[in-house]
Amino acid sequence: MFENKILVSASILGCDLANIEGELKRLEKANADFVHFDVMDGVFVNNISFGLPVLKAIKPKTDLPFDVHLMITEPEKYIAEFARVGADIITFHLEATNDIKACIDLCKKHGCKVGISIKPDTPASEVFPYLEDIDMVLVMTVEPGFGGQGFLPFTLEKIKEVRQKALDMGLNLDIQVDGGIDDQTAREVKANGANILVAGTYLFKAKDMKKAVKLLK
Ligand code: DX5
Ligand code: ZN
């Protein structure tokens, strides 16, 4: 999708949610490439974040594309709606649905790029059957559900496996990583083949967000 350029997707889960519009402007000024929108349903993960009405409300506030990360069960029920309110990329969890093909087809039918996310304990090989049909694999580098967690180094091997498989298949696949990404871990995940880096805590805690984005790239 993005010719494996190194891109930064800023997770707003940990931003000043009482001032989202201002935070989106900060992201634009800092040259972030996407807004990463973490949807949590309290079932697939033990946390509840935000959903359709919030995305609908903030979409017109920025030109940045929305990279929607669905940490919800039965994502097939909501993909059309998220596309309608402004998702540009929709990533659902392999572990959250019994009908992966339907989820892929729904994303495409509604004009979104499609990603599949795998939790840390899900083997990389489980996503291999779908690589030809999707734009992106999100290799979670923390257990989904909360921002500000510590990076899990054992996930580096999985990034490498997905990248190698994509190369073997001649696919120009984007590999996204998410959780505990900062200027240190960014080096490691890129060295193993990741090219889209999600960061929340690192960016919103940075004194100089523009510099922080640059350091990730
Ligand atoms: C966690 C989410 C992440 C999180 C960002 O389930 O998917 O996107 O908000 O994580 P940090 O704050 O570690 O960058
Ligand atoms: Zn996320």
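Values in this document were obtained by computation on a predicted structure and should not be read as measured data. (Residues numbered from 1 in each chain as written. Chains lettered and ligands numbered in written order. Predicted model: local features only at pLDDT ≥ 70, side-chain atom pairs only at ≥ 80, totals over all residues. Heavy atoms only, no water.)

## Details of the layout of surface pockets
In this model, the largest pocket occupies a volume close to 360 Å³. Forming the boundary of the largest pocket are 27 residues, of which Phe146, Gly147, Gly148, Gly200 and Thr201 lie nearest the centre. Among the elements that make up the lining of the largest pocket, the one with the highest residue count is helix α7 (residues 201–205) (four residues). Looking at the lining of the largest pocket, its residues break down into twelve nonpolar, eleven polar and four charged. (1 Å grid on protein atoms, 1.4 Å probe; cavity = no way out; pocket = protein on both sides within 12 Å on 5 of 7 lines; lining within 4 Å. Points joined across faces, edges and corners; volume = space filled by probe spheres on them. Helix = DSSP H or I, 4+ residues; strand = E, 2+ residues; numbered from the N terminus. Nonpolar A, V, L, I, M, F, W, Y, C, P; charged D, E, K, R; others polar.)

## A closer look at unusual backbone geometry
One non-glycine residue, Asn31, lies in the positive phi region at around 65 degrees. Take Asn31: it is sitting in the loop between α1 (20–29) and β2 (34–40). Overall, Asn31 belongs to the partly exposed group, its relative accessible area being 43%. One non-glycine residue, Glu74, lies in positive phi territory at about 45 degrees. Inspection of the secondary structure assignment puts Glu74 in the loop between β3 (66–71) and α3 (79–84). (Buried < 20%, exposed > 50% of the residue type's maximum accessible area, 1.4 Å probe, protein only.)

## A short note on the sheet that holds β3
Read around the barrel, eight strands follow the order β1-β2-β3-β4-β5-β6-β7-β8 and close on themselves; strand pairing throughout is parallel. Between one strand axis and the next, the sheet turns by 25 degrees as a mean value, whatever way the strands run. Pairing between strand β4 (residues 89–93) and strand β5 (residues 113–118): five bridges, direction parallel. By the bridge assignment, His93 is partnered in β5 with Ser117. (Pairing = 2+ DSSP bridges. Axes fitted to C-alpha atoms, helices over the stretch in contact; angles between N-to-C directions.)

## Here's the deal with the packing of aromatic side chains
Overall, the coordinates contain two aromatic pairs when judged by the stated rule. Taken together, a centroid distance of 6.4 Å and an interplanar angle of 70 degrees make the contact between Phe37 and Phe66 edge-to-face. Of this pair, Phe37 sits in strand β2 while Phe66 sits in strand β3, placing them 29 residues apart in sequence. By relative accessible area, Phe37 is classed as buried at 0%. Taking relative accessible area as the criterion, Phe66 reaches 0% and is therefore assigned buried. Each member of the aromatic cluster is reached from another via a ring pair, and the members are Phe37, Phe50 and Phe66. Directly above the aromatic system of Phe44 lies the positively charged group of Lys119, at a separation of 5.2 Å from the ring centroid. (Phe/Tyr/Trp six-rings, centres within 6.5 Å; stacked < 30°, edge-to-face > 60°. Lys NZ or Arg CZ within 6 Å of the ring centre and 35° of its normal.)

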